[in-house]
Amino acid sequence: MRVDLGQLGRFAFLTLPNFSMIAFSNAIEVCRMANYVSGRDAYHWSVVSLDGAPAVASNGLGVTPTRALGEADPFDVLFVCGGVNVRHSVDRRLADALRRHARRGAVMGGLCTGTFALAEAGLLDGYSAAIHWENLSSIREEFGDVIFTDDLFVFDRDRVTCTGGVAPLDMMLKFVAARLGRALAARVSEQFVVERPREAGERQRVPAAVRAGARHPALTKAAALMATTIERPLTVEALARSVGVSARQLERLFRQHLGTSPADHYLSLRLDRARELLTQSPLSVTDIGIACGFQSASHFSVAYRRQFGHAPRTERALA
C-alpha cells in the first residue's frame, strides 16, 4: 500500500521499557515545532504504552501523560520507540497489538530498535527497513525476509523505520515537507539549528574507529572490507592487495591512524560482532563463533575472554 506522507498528521508513540529518549524526543519535537512555525495544529501526537503506565527510558526518565494504547486518540502512524535490551520488551502481547493495528490500516513505524518489535511481529517481511547500526548484524541473521539497510531511515509503502540518535529529526522533516511544504520544513530545521537535514538514502555514521580511516582511502576500504568479511576473515596480504597497497603500507596506515595493527583491528571487529550476536540473537555460542570467523570454540573463548574479561557463555548469561 502506497502512502501519501502529506496525509499523515496524527502520530502515536508506543514507548517500550528502556526506550531511547533522544530518538523519541527528536521525532516529537519536529511535530511541535512544525505547529509553532506554521501557526496551526498540523500535527497531533500522543504517548502510549500497552498498559498506560509511563515506560522508563534508558536514561531513567518517564514521559507524562502516557495513555494505554487501546485508549489512544485515533492515529495515522504508530511508532514503536525502542532502545536498549529491546528483545526483553517484546512479547506476544505486544506483537499481537502491533499486528492488530496494522490490520486496521495504521502505518507502522519503528524508532531506533523499535524496528525489532515490528520484525518480531512479522510486520516487516518483504519490506526494507532501518535500525541502529549496533543491531544490524544480529537482526539480519535473525530475520532473513526483511531487507535491512544501512540507511538513516526508510519509507517503504506503509512502513516507516528509522535509526536512533538524531536521525528521527531528519525523518520527521520529510513528513513536514510533504504536508506543509519544503520551505516550512526548512524553517523548522533552522529552529533546531540543523545545518542540513539528511536524506533517507544517506547511510548511518559508522563507528569512530572506522571513521578514522577516512583520512586515507586505502584505510577506509580496508576497514569496510573487514566489516563485510567477518565470517571468513582475509589475511593482511589479501586485504592489502584488495585495496591496492602493500601489506607493509597497510600496517603503517593502521598504526598511524588507528593506533593498532590490521590483525588486531580485524579481531576487535569480529569480537564486537560476536558480543552483539550473544546479547541480541538466539544463535548458539558455537554458531556465533563460526559466524565470526573462529576456527574452534576454544579459540573463540580465549579471544573473547582476553577482549572482554569473561567467556562467551558468561556474556550470554548476563544478557
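Going by the annotation in an unreviewed UniProt entry, the name recorded for the chain is GlxA family transcriptional regulator, with Segnochrobactrum spirostomi given as the source organism.

Each helix and strand in the chain was counted, giving 14 helices and nine strands. Rg of the C-alpha trace for the chain: 21 Å, near the compact-globule value of 20 Å for 319 residues, within the 12% margin. Dimensions of the chain, computed from C-alpha atoms along their principal axes, come out at roughly 65 × 40 × 35 Å. Per-residue burial for the chain yields a buried fraction of 51% across its 319 residues. A separation of at least 24 residues holds for 67% of the contacts in the chain among residues at least 6 apart in sequence. Total accessible area computed for the chain in this model is approximately 15400 Å², and 49% of it derives from carbon and sulfur atoms. Averaging the locations of the 38 positively and 32 negatively charged side chains of the chain gives two centres separated by 3 Å.

Right, let's talk about the environment of Val-48 for a bit. Structurally, Val-48 is set in strand E2 (residues 44-49). Here Val-48 falls in the buried class, since its relative accessible area comes to 0%. Along the backbone, Val-48 and Gly-70 are 22 residues apart, and their C-alpha atoms lie at a distance of 8.8 Å.

Attention now moves to the sheet that holds strand E9 (residues 159-162). Across the sheet, seven strands lie side by side as E3-E2-E1-E4-E5-E9-E8; this open sheet has mixed pairing. Two strands lie at the open edges of the sheet, namely strand E3 (67-68) and strand E8 (153-156), each paired on one side alone. Direction of pairing for E2 relative to E3: parallel, over a ladder of two bridges. Looking across to E3, one finds that Val-48 is bridged to Arg-67. Relative to E2, helix H1 (residues 21-38) is tilted by about 155°, and along the sheet it contacts strand E1 (10-15), E2, strand E4 (77-81) and strand E5 (107-111).

Next up on the list: the packing of aromatic side chains. In this structure the tally under the stated criterion is 14 aromatic pairs. Aromatic pair Phe-116 and Phe-143: ring centres 5.8 Å apart, planes at 70°, arrangement edge-to-face. Highlighted residues: Phe-116 in helix H3 (residues 114-120) and Phe-143 in the loop between helix H4 (133-142) and strand E7 (147-148), separated in sequence by 27 residues. With respect to burial, Phe-116 and Phe-143 carry one shared label: buried. For the ring pair Phe-300 and Tyr-304, a centre distance of 5.8 Å and an interplane angle of 75° mean the geometry is edge-to-face. In this pair, Phe-300 and Tyr-304 are both assigned in helix H13 (residues 297-308), four residues apart and thus about one turn of the helix distant. Here Phe-300 matches Tyr-304 in class, with each residue buried.

Before going further, it helps to examine the UniProt feature "domain: HTH araC/xylS-type" (unreviewed entry) in the chain. Using the residue numbers shown here, the UniProt feature "domain: HTH araC/xylS-type" (unreviewed entry) corresponds to residues 220-318. Across residues 220-318, helical content stands at 74% and strand content at 0%; the span's end C-alpha atoms are separated by 34 Å.

For the bond from Thr-64 to Pro-65, the omega torsion is 0°, close enough to zero to count as cis. Take Pro-65: it is sitting in the loop between E2 and E3. Of note, the phi angle at Val-193 is positive, near 55°, even though the residue is not glycine. By relative accessible area, which is 74% here, Val-193 ends up exposed.

This brings us to the pairing of E2. Bridging between E1 and E2 involves five bridges; their strand directions are parallel. In the sheet register, Phe-13 faces E2, and the bridge partner there is Val-47.

Glancing now at the domain arrangement of the chain. A common way to state how big an interface is: give the accessible area lost once the parts meet. Taken domain by domain, the chain holds domain 1 (5-192) and domain 2 (208-318). The distance between the C-alpha centroids of domain 1 and domain 2 comes to 32 Å. Listed as interface residues are eight residues of domain 1 and, on the opposing side, eight residues of domain 2. Counting the surface lost from both domain 1 and domain 2, the interface buries some 650 Å², and carbon and sulfur atoms represent 43% of this. Applying the counting rule to domain 1 against domain 2 returns zero residue pairs in polar contact (both at pLDDT 80 or more). Of the residues assigned to the side of domain 1 that touches domain 2, the class counts are one nonpolar, three polar and four charged.

This part takes up the environment of Phe-175. Looking at the secondary structure, you find Phe-175 in helix H5 (residues 167-180). Apart from residues no more than four positions distant in its own chain, Phe-175 is found in contact with Leu-5, Leu-8, Phe-11, Tyr-43, Phe-79, Phe-155 and Val-160.

Moving on, we get to the pairing of E1. Counting buried positions along E1 gives five out of six residues, so the element sits mostly inside the fold. Following the backbone out of E1, through H1 and into the adjacent parallel E2, one traces a crossover that is right-handed. Of the pairings in the sheet, the one linking E1 to E4 comprises five bridges and is parallel in character. Each bridged residue has a counterpart across the sheet, and for Ala-12 the counterpart in E4 is Leu-78.

Reading guide: rules and limits
Every chain begins its residue count from 1, and numbering advances along the sequence as written. Given that the model is predicted, a residue must reach a pLDDT of at least 70 before its local features are reported, and side-chain atom pairs must reach 80 or more before they are shown or counted; all residues, however, enter totals for whole chains, interfaces and linings. Excluding hydrogens and water, the side-chain figures rest on all heavy atoms present in the structure. The way it works is that DSSP assigns letters per residue, a run of H or I at least four long becomes a helix, a run of E at least two long becomes a strand, and they are numbered from the N terminus. Here the radius of gyration uses the C-alpha set of atoms, whereas the globule reference equals 2.2 Å times the residue count to the power 0.38. Burial here depends on accessible area, computed with a 1.4 Å probe over protein chains only, as a share of the maximum for the residue type. Under 20% is buried, over 50% is exposed, and the range in between is partly exposed. Should any heavy atoms of two residues lie within 4.5 Å, those residues are counted as being in contact. Computed with a 1.4 Å probe, the accessible areas rest on the Shrake-Rupley method; for each residue, only the protein chains presented here act as cover. Charge assignment in this entry is limited to Lys and Arg as positive and Asp and Glu as negative, and neither His nor the chain termini are counted. Charge positions are represented by NZ for Lys, CZ for Arg, CG for Asp and CD for Glu. For two strands to be treated as a pair, DSSP must find at least two bridges joining them. Axis definition: a line fitted to C-alpha atoms, over the contacting stretch in the case of helices. Angles run 0 to 180 degrees between N-to-C directions. A pair of aromatic rings is counted whenever rings of Phe, Tyr or Trp (Trp by its six-membered ring) have centres within 6.5 Å, and the orientation is called stacked for planes under 30 degrees apart, edge-to-face for over 60 and tilted otherwise. UniProt positions are given in the numbering used here, feature names are shortened, and annotations may be inferred rather than shown by experiment. The split into domains, and so the bounds of each, comes from an automatic or database assignment of domains. For any pair of parts, buried area is found by adding up, for both, the accessible area (1.4 Å probe) each one loses once the two are put together. For this analysis, a polar contact is any N or O atom pair within 3.5 Å, provided that within protein one partner can donate a hydrogen and the other can accept it, and provided that sequence-adjacent residues contribute only side-chain to side-chain pairs. Under the scheme applied, nonpolar residues are Ala, Val, Leu, Ile, Met, Phe, Trp, Tyr, Cys and Pro; charged residues are Asp, Glu, Lys and Arg; polar residues are all the others, including Gly. Seen with its strands pointing away from the viewer, a crossover is right-handed if its path from the first strand over the helix to the second goes clockwise.

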